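Here is what each chain is made of, one letter per residue.
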Amino acid sequence: MPRSFTVAFICVIIMIAGTALSQTEGGAEVRPDAQVDEQNFNLKPGGGASERIEDVDDAPEYEPVIPVKNLETSVTLGFWGLDMPLIAHDLLIYKYTDEFTYFGDVELRGESAFHPQLRLSYNASTYLAIEPFFDVSVSEYQSTITNPQQITNSTEGGVLEPVEELGEFDYEKRSNITLGTGVNMLLYPHNYGNFGKGNWHPFLIGGLSKVWMSINSNYVDDAASMWRYSGGAGIRYVADDMISIRFEMMFHKMTFQFNPSDSYKELDGGLIKIPVYEYVIGEGEKPVTEFTEQSVNTISWALGFTATF
């Protein structure tokens, strides 16, 4: 073979080899019509590099429901309708001077009260809960005097005389505070059986509690205690697995009676005590032994939130 042909052949081989080597080092040639198969790899510790991650979210979606066997704490704010007679007594003393003792038909009447409550409940099931609670109410009461009369203190056996004007006297407009503790039961009718899922949960509520009512009055010293029977309905909105919002209205029935104070007014630094007098027709002035028992029906409403533990 001629020497020149041999040299030319070797040069061609070297050129072809160099071209192939450069393509290998630069990466595989990608054809324009080729489709790229993109892959997702599991980069978690211990995962294989070739393991694919599925695009499916396996986490269960939250379904609002009343939790079972859980403790819950609720704080509610509202108002309690205490605009009712607290004391009502005919011809009761309302003013005393050196000359006259004044009597009239006296009524102490309450007002609507601010009524916060703290509750700790236990959900026995999805439809039944037991709820011990503590509540307080703060309001005022005011006195009204009708049929004013007066009797002289200078002589015994005086008679009542009408009073044209009430004049100046201790017009009581003071505080009325109640404290109460008891237990409620909540029934979620919608949750009985296979129901109970969803954000809205209506409920029935009823309970029994002990209440102490204290008024800052000259007529009484001690608080009046009473049993309060309650019942009503409400609705609960389950926002998530920890927080709920509740609203309720309740009807209350109770009977109470205040005991008269030892003295209506004290003179000479407490040396002279004027009893809580009433005037009895035909008998004259007598200390009051008891006030009339008051039986009342009231309504309250409350709005608040519940935290689940």
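Provided above is the structure to which this section pertains.
Residues numbered from 1 in each chain as written. Predicted model: local features only at pLDDT ≥ 70, side-chain atom pairs only at ≥ 80, totals over all residues. Heavy atoms only, no water.

Draft legend 1. Quick peek at unusual backbone geometry. With a phi close to 60 degrees, Lys69 is a non-glycine residue in the positive phi region. One can find Lys69 in the loop between α1 (3–26) and β1 (71–80). On the basis of relative accessible area, Lys69 is assigned to the exposed category, the value being 55%. (Helix = DSSP H or I, 4+ residues; strand = E, 2+ residues; numbered from the N terminus. Buried < 20%, exposed > 50% of the residue type's maximum accessible area, 1.4 Å probe, protein only.)

Draft legend 2. Up close: the pattern of salt bridges. Inspection of the entire model under this criterion finds 11 salt bridges. Residues Glu172 and Arg174 are paired through a salt bridge, measuring 3.8 Å at the closest nitrogen-oxygen approach. Across the pair, Arg174 and Glu172 agree in class, each one buried. The salt bridge involving Glu283 is made with Lys286; its shortest N-O contact spans 3.0 Å. Assessed through its relative accessible area of 53%, Glu283 is described here as exposed. Residue Lys286 is classed as partly exposed on the basis of its relative accessible area of 35%. The network of salt bridges with common partners includes Arg119, Glu131, Arg246 and Glu248. (Salt bridge = Lys/Arg side-chain N within 4 Å of Asp/Glu carboxyl O.)

Draft legend 3. Fine view of the pairing of strand β16 (residues 294–308). Here β1 pairs with β16 via nine bridges, running antiparallel. Paired with Gly78 across the bridge in β16 is Ala302. As judged from the 14 bridges shared by strand β11 (residues 243–256) and β16, these two strands associate in the antiparallel manner. The residue of β16 that forms the bridge with Lys253 is Asn297. (Pairing = 2+ DSSP bridges.)

Draft legend 4. Structural detail: empty space enclosed by the protein. Applying the stated rule across the entire model yields three cavities of 30 Å³ or more. What the largest cavity holds in volume is close to 70 Å³. Considering the residues around the largest cavity, the lining is formed by Glu72, Ser74, Ser121, Asn123, Ala129, Glu131, Leu186, Tyr188, Phe203, Arg236, Arg246 and Thr306. When residues of the lining of the largest cavity are traced back to their parent elements, those giving at least two are β1, β5 (117–123) and β6 (128–152). Its residues placed into classes, the lining of the largest cavity shows four nonpolar, four polar and four charged. (1 Å grid on protein atoms, 1.4 Å probe; cavity = no way out; pocket = protein on both sides within 12 Å on 5 of 7 lines; lining within 4 Å. Points joined across faces, edges and corners; volume = space filled by probe spheres on them. Nonpolar A, V, L, I, M, F, W, Y, C, P; charged D, E, K, R; others polar.)

Draft legend 5. Expanded view of the nonpolar core. Tyr219, Phe258 and Phe291 are the most contacted members of the largest nonpolar core, which has 36 residues in total. In this view, Phe258 contacts Leu86, Ile87, Met213, Ile215, Val220, Asp222, Ala224 and Phe291; residues no more than four positions away in its chain are not counted. Judged by nonpolar contacts, the second largest core, of eight residues, contains Ala129, Tyr188, Ile205 and Met250. (Core = buried A, V, L, I, M, F, W, Y, C linked by side-chain atoms within 4.5 Å. Contact = heavy atoms within 4.5 Å.)

Draft legend 6. Looking closely at the packing of aromatic side chains. Under the criterion given, the structure shown has 13 aromatic pairs. Here the aromatic rings of Tyr127 and Tyr192 are separated by 5.0 Å at their centres, their planes lie at 75 degrees, and the arrangement is edge-to-face. Residue Tyr127 is found in the loop between β5 and β6, and its partner Tyr192 is found in the loop between β8 (173–187) and β9 (200–215); the two are separated by 65 residues along the sequence. We classify Tyr127 as partly exposed; its relative accessible area is 29%. Measuring from ring centre to ring centre gives 6.3 Å for Phe169 and Tyr171, while their planes differ by 90 degrees; the resulting arrangement is edge-to-face. Taking the relative accessible area as the measure of exposure, Tyr171 reaches 43% and is therefore partly exposed. Each residue in the set Tyr94, Phe100, Tyr102, Phe169 and Tyr171 is aromatic and connected to the rest through ring pairs, giving one cluster. The ring centre of Tyr102 lies 5.0 Å from the NZ or CZ of Lys95, which sits over that ring. Positioned over the ring face of Trp80 is Arg228, at 4.9 Å from the centre of the ring. (Phe/Tyr/Trp six-rings, centres within 6.5 Å; stacked < 30°, edge-to-face > 60°. Lys NZ or Arg CZ within 6 Å of the ring centre and 35° of its normal.)

Note that all results are geometric; they support no functional claim without further evidence.
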